[in-house]
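Descriptive structure summary
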Amino acid sequence: MVTKDKIDAILADYKDFKIATICSHSSLQIFRGARQEGIKTIGIVKADKKELYESFTHAKPDEFIVVDDYSQIPEKELLEKNAIIIPHGSFVEYSGENFEKLNVPIYGNRNSVIWERSRKKMFEWLHKAKIKTPKVIKPDEITGPALVKFPGAKGGRGYMIVSSYEDFQLRVGDRECMVQEFLVGVRAYPHFFFSPISDSGYKTKQGRLELMGVDRRVESSADEIARAVSAGMKPTMSFTVIGNEPMVLRESLLGEYMEIGKRVSETSFDLFGGMFGPFCVETIVTEDLEIYAFEISARIVAGTNVYPDGSQYSLFYYDEPMSVGRRLARELKVAFKKKRLSEIVY
Amino acid sequence: MVTKDKIDAILADYKDFKIATICSHSSLQIFRGARQEGIKTIGIVKADKKELYESFTHAKPDEFIVVDDYSQIPEKELLEKNAIIIPHGSFVEYSGENFEKLNVPIYGNRNSVIWERSRKKMFEWLHKAKIKTPKVIKPDEITGPALVKFPGAKGGRGYMIVSSYEDFQLRVGDRECMVQEFLVGVRAYPHFFFSPISDSGYKTKQGRLELMGVDRRVESSADEIARAVSAGMKPTMSFTVIGNEPMVLRESLLGEYMEIGKRVSETSFDLFGGMFGPFCVETIVTEDLEIYAFEISARIVAGTNVYPDGSQYSLFYYDEPMSVGRRLARELKVAFKKKRLSEIVY
Amino acid sequence: MVTKDKIDAILADYKDFKIATICSHSSLQIFRGARQEGIKTIGIVKADKKELYESFTHAKPDEFIVVDDYSQIPEKELLEKNAIIIPHGSFVEYSGENFEKLNVPIYGNRNSVIWERSRKKMFEWLHKAKIKTPKVIKPDEITGPALVKFPGAKGGRGYMIVSSYEDFQLRVGDRECMVQEFLVGVRAYPHFFFSPISDSGYKTKQGRLELMGVDRRVESSADEIARAVSAGMKPTMSFTVIGNEPMVLRESLLGEYMEIGKRVSETSFDLFGGMFGPFCVETIVTEDLEIYAFEISARIVAGTNVYPDGSQYSLFYYDEPMSVGRRLARELKVAFKKKRLSEIVY
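First, a word on scope: everything that follows refers to the structure included in this document. Within each chain, residue numbers correspond to sequence positions counted from 1 in written order. Labels follow written order: the first chain is A, the first ligand is 1, and so on. A pLDDT threshold of at least 70 governs which residues receive local features in this predicted model, and a stricter bar of 80 or more applies before side-chain atom pairs are shown or counted, although totals over entire chains, interfaces and linings include all residues. By convention in this description, side-chain values take in all heavy atoms of the structure and omit both hydrogens and water.

Description of the relation of the copies chain C and chain B
Copies overlap after least-squares fitting; the atoms used are the C-alpha atoms of residues with pLDDT of at least 70 in both. For the pair chain C and chain B, the relating rotation is 120°, the translation along its axis is 0.0 Å, and the fit reaches an RMSD of 0.0 Å. Taken together, the rotation and translation describe the operation of a three-fold axis. Closest approach to the rotation axis among the C-alpha atoms of chain C is made by Ala-226 of chain C, whose C-alpha sits 3.1 Å away. Different-surface contact between copies: only 9% of interface residues of chain C are shared with the interface of chain B. Every residue pair with non-hydrogen atoms within 4.5 Å of one another is taken to be in contact.

In C-alpha cells form, the structure reads like this:
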C-alpha cells in the first residue's frame, strides 16, 4: 500500500487538478459532472472503445490516455497531468490488487476498498454499525434456499441459489464464497454522499450525509424469471446486472435510511479512518418495513447513472441538476480551494 | 364535523396564508412546491424526526411545530399562523376520526375523506361514476383467489389473498373487510388534479382536470415474489408499499383515463359537494386494454413523489417544472388572490 | 408505391413546412417537440378525440384536421398545408396498405415500412446485419415453450406462448405467424436516431447515430404474471403493451448497443436505400450479457414517451432537453435550411 504521506506530498505539488477514470461503469456521468463544474477530465481507455466515448460529444473526457489493459494504470502520465482518480466499480475491479499500490491520488480512502472487497469484512462493518443483515450461513447449515456470493462485485455475475448442502457441494464445492439466507422483499439501493466539508445534509460525527438518489437494479434472469416460469421453463435464477431503474422510497422510510447511512459512515471512521464521497448500502425492505443491508459499495455505484441531472432526492439539497458525478467534482473543487484535498484524497 | 360556515369565517380573517402538513408521506414535495410558489410552510413534526427534516435544506418547511403525537394537531397554533392544511395520506391516517373535527382550514372538501375512508362508499362512488371495478364478493362466494382489504390505506399493509371461504374464515374471521376478485393486469396510478378556477386541462362540468403523472407502486413481497418462488420458497404475497416508480401509459389509453378522472370528479359533486385538488384513481389494465378501478384516493398520493420536478404529463400543461406539491400551492395562491379560497378549502 | 421523384417534386414546391401526424402513439411528444423547434403542427384526429388533444395546452397541435377514419389520410389538405408526415407506430398501423401510396412527403424512407412490416424480412435484415436473434422455429419443430407472433405491431396484442406442436395446431392453426424460441433475459429497448447531416454521435458509413434513450415495456399480463401465479391462478401470459418505464443500461453494454444500431442502420442502406431518423432495435440481454434482437421498429417507438424532456442518454449529446420528438423536428428544420430535405424525406 502506498503511504498517505506519499500521496499527500504529491497533492501538495498539484497547482491544479484533473479528474481521471477508466471509461466504463459510471464514467460518462463522472466526465459530464466534472465538465459542469469546470474541471478537466482524463479518460483511460482501450483503443477499441475510444471511438465510442468520443461519440458522446457532451459527456466525453477532455483527453484520453489509451491503454492496452485496464490493469495497467498509466501512473506517470496521470501524475504529470495532476490527476485525481475516481475509483468506480469497474476501476476497482480492473485494477485489482494493484489498486492499493497506485502511486496516484485517489478520491476517497483506499482502505475502504480493502473493507469492501472482502465480504467477511463488509459484514463485520455492517454488524458493528448495528444494521440488520441477512443471516450468514455455514454451508452445512443450509436447509432451504440460500444465496451464494463469490468475491468481487462483477455486477452480480455468478451469484447463485442453492437449495441444500448437497446442492452446495455439487455446484459450489471448495470455492471461496459467502452463503446468505434468501430474504423476500423489495431491493432498494440508496446513493449516499458523505462530505466532511459541506454544511448541508444529515449530520454525522464527522460531517454531513446526503441522499442523492435511489435505484433498483435490473437483473438477468431474476427480473424476468416469472415470464420464463409461466412459459413452462425451469430456468436457473441469475443476478447479472443489466441496468438500473429509478425508484422513490416511502417517505416514512427516509429516517431509517439516513440512520443506516450515518452508522455505516461513522463506523468507517472507527474501522479504517473513514469513507469519503459516494457510497451505497444495498438493502431489502420486507413487508413489515424492516430494512436489511446485504452489501456496501464504498464508491460510486452504477445505479447513479439513472440520475445524470439529479434525482428526486438531490432536489432536497440543490437547486441545480446535481448528479453524483457532479457532486463529487464539486467536492474536490471546494476542497482544493479550501486546501483540504488531503482530507478526502488518498 | 366542523361546519363549512365556521371554516369560511376563519378564512375570511386570513390576511395571508401558510401551508401546513405533517412531516411524512409527500410532505417534502409539498414544502418544496410551496417554496417554489413563494408560500411559507409549517411542518408538524415529532421531536425525533425534526433533525431529519431539517437536513433537507432545499425542501424543509420554513418553521416546525413539534408535537408528541400526530393525532394531536395543534389547532390553535395553526390558526394563529393562518395555516391551510394539506391532507396527505398519512395526515388522514394519523388524525383519524379527529380529521373532520379539525378547527383549521383544510385544502379540499373534508367530506371526501368520509367517502374515501369507507370501501363500501368508495365502490358506490365508482359504480355511480360508471367505472368498471373488480367484483366485490361475499366471503361465502369465494371460489378462487380473492383479495381481502381492511379499512384505511396504511400503504397496503395487511392486504391478503385468500383462496377459499375456509381460508377466509381461518385467516380473516369476523374482521371488517372487503373481498374483491383478483384481477390480472398492469397496475397504473394516474395522478389527477381538479381545479374549478383553472382554464387549462380537460373540461368537466365543474372545472378542469389535469393528468399530473402516472406511477406504479412497488410492493413487498408482491413485486419480488417471483424470485422467492423461483428460489423454491412458498412466501405469502403481501402488498406493503415500499416505494414508487415512474411509468407512462400507452397514448391511446389517455382518453379513457381522462374520462375516468372526469366521471369520478363529477360524481363527487353529486355525492358530497365535490373533491378539489389532487386525487388518484387506482387502476388495473388487462390484456384487452380494459381499465378497472379498485380504489380512489381523494387527496395527494405518495406516487407523486416520483415527480418532484414534474412528470411526462405535467409538461403537457406547463412549461415549468410542476409537481403536484407545487400545483396545489399555486392553486391556493391563485384562489387567494381571486378571493375564491372558500370554494376549495373546507 | 408513390415514386421518390413525385415526392421530391412536391418537396421542391414547399416554401415552408409543417409537421403532421395522427393524434395517437407518440403524437403529443412530436407536437411538443416541433413547438420547441418553432415548427407548426397538424393533428389528424377523429372527432371524439379532439377535445382530449385540445386539453393538453402545451403539447396540442397548432391545428387539427378532423377525419372519420384514420385509414383515410387527408392528402390534399396536408399538401396544401405543406405537411411532412411523421409516421409513428399507430400511423403505420392505421394507414395500412395505403401507407406506401400516400401522396404526401413522409419523414424517412417509406421502403423501411415494407421491411418492418414483414417479420421474415425483418429477420433477414437482422441476420444480414450479423446481429444475434432468437431462433426462428418451424411449427413442427416446437419442443418447448415458444413465442408466436402475428403480423403487425399492434402493441404486442395477440402474441402467445405455445408449449408444443399440438398446442400450436390447436391455438394458432393456419394463421400467418412467426414462431421464435423463448429467450430468458432482460428486455431493453434502445431508441436510436440516425442522421446523415449531423456531425455529432457515433459514426456510420452514411452519417451519425445517437442513442436517445432506453425503456422497458410494461406488458399485460406478462409483467404481473407472478402475482397471479402466486395467488393460485393459472393465467395465460399475454404481451399487450400498457405503458413504458425508464431504464439505463450497464455502461459496458453501450459499445455493443451502438454497434447493433450501426449495423442495422448500415444494412438498411444495402437493402433498401436507408432508414432515417428514429428507430428501435428490440433486444433481450441474457445473464451472460449476450444481446439478442427480436424486432426492429423503423420509426419512432412509444417508449420514447418516457423522455419528453430528454433522457439519461440524450444528455450525452445535447445541453438542451432533447426528446426524440424534438430531435426529429430539429432534423427536418436543419435539412430544410440546408436544402437537403429530399435526402431524409420520402
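Details of the pattern of salt bridges
Note on pairing: side chains with opposite charge can pair once their charged atoms come close. Salt bridge, as used here, is a side-chain nitrogen of Lys or Arg placed within 4 Å of a carboxyl oxygen of Asp or Glu. In this structure the tally under the stated criterion is 96 salt bridges over all chains. Across the salt bridge formed by Asp-167 of chain A and Arg-171 of chain A, the nearest N and O atoms sit 3.2 Å from each other. Here Arg-171 of chain A and Asp-167 of chain A lie together in helix H8 (residues 165-171), a separation of 4 residues that amounts to about one turn. Here the term buried applies to any residue with accessible area under 20% of the maximum for its type, exposed to any over 50%, and partly exposed to those in between, with areas from a 1.4 Å probe on protein chains only. The exposure class of Asp-167 of chain A is buried, given its relative accessible area of 15%. Note that Glu-245 of chain B and Arg-216 of chain A form a salt bridge whose closest N and O atoms lie 3.3 Å from each other. Highlighted residues: Glu-245 of chain B in strand E12 (residues 239-246) and Arg-216 of chain A in strand E11 (residues 208-221), drawn from two different chains. Arg-216 of chain A carries the same exposure label as Glu-245 of chain B, and that label is buried. Counting from the N terminus, the helices are the DSSP runs of H or I reaching at least four residues and the strands are the DSSP runs of E reaching at least two.

Digging into the relation of the copies chain B and chain A
If you rotate chain B by 120° and push it 0.0 Å along the axis, it lands on chain A with an RMSD of 0.0 Å. A share of only 9% of the interface residues of chain B reappears at the interface of chain A, consistent with the copies meeting through non-equivalent patches.

Side note on the interface of chain B and chain A
Chain B puts 45 residues into the contact, and the matching count from chain A is 43 residues. Joining two parts hides part of their accessible area as seen by a 1.4 Å probe, and the buried area is that hidden amount summed over both. Of the roughly 3,700 Å² buried where chain B meets chain A, counting both sides, 59% is carbon and sulfur surface. The three residues of chain B that bury the most area against chain A are Glu-224, Arg-227 and Ile-242 of chain B, which together make up 20% of that side's buried surface. Put simply, chain B and chain A have 5 salt bridges between them. Polar contact is defined as a pair of N or O atoms within 3.5 Å, subject to the rule that within protein one atom must be able to donate a hydrogen and the other to accept it, and that residues adjacent in sequence are counted only when both atoms are side-chain atoms. For the pair chain B and chain A, the number of links is 21 residue pairs in polar contact (both at pLDDT 80 or more). Elements represented by at least two residues in the side of chain B that touches chain A include exactly helix H2 (27-36), helix H3 (47-54), strand E11 (208-221), helix H9 (225-230) and E12 of chain B. The element contributing the most residues to the side of chain B that touches chain A is E12 of chain B, with 7 residues. Three classes are used: nonpolar for Ala, Val, Leu, Ile, Met, Phe, Trp, Tyr, Cys and Pro, charged for Asp, Glu, Lys and Arg, and polar for all others, with Gly counted as polar. In terms of residue class, the side of chain B that touches chain A is made up of 17 nonpolar, 18 polar and 10 charged. Two strands make a pair as long as DSSP finds a minimum of two bridges between them. The pairing of strand E13 (residues 248-249) of chain A with E12 of chain B spans 2 bridges and is antiparallel. Across the sheet, residue Val-248 of chain A finds its bridge partner in E12 of chain B, namely Asn-244 of chain B.

A few points about the side chain of Thr-304 of chain A
Residue and element names in this part refer to chain A. Along the chain, Thr-304 falls in the loop between strand E15 (291-297) and helix H11 (324-337). Residue Thr-304 is classed as buried on the basis of its relative accessible area of 3%. When residues no more than four places from it in sequence are discounted, the contact partners of Thr-304 are Gln-29, His-191 and Val-324.

Re the sheet that holds strand E2 (residues 41-46) of chain A
The strands making up a sheet are joined through hydrogen bonds of the backbone, oriented either antiparallel or parallel. Residue and element names in this part refer to chain A. Strand order in this open sheet of 4 strands is E3-E2-E1-E4, and the pairing throughout is parallel. Looking at the sheet topology across the chains shown, the edges are occupied by strand E3 (63-67) and strand E4 (83-85). Strand-to-strand twist across the sheet, computed as the mean angle between neighbouring axes with direction ignored, equals 30°. Pairing between strand E1 (residues 18-22) and E4: 3 bridges, direction parallel. Paired with Ile-19 across the strands is Ile-84, a residue of E4. On the sheet, helix H2 (residues 27-36) packs against E1 and E2 and is oriented at approximately 170° with respect to E1. For helices, the fitted line uses only the C-alpha atoms of the stretch in contact; every axis is such a line through C-alpha atoms, and the angle between N-to-C directions lies from 0 to 180 degrees.

Section: H2 of chain A
Burial of H2 of chain A is extensive: 8 of the 10 residues sit out of reach of the surface. By the burial criterion, the buried members of H2 of chain A are Ser-27, Leu-28, Gln-29, Ile-30, Phe-31, Arg-32, Gly-33 and Ala-34 of chain A. Those residues of H2 of chain A that are buried lie in contact with E1, E2, helix H3 (47-54) and H11 of chain A together with helix H10 (254-272) of chain C.

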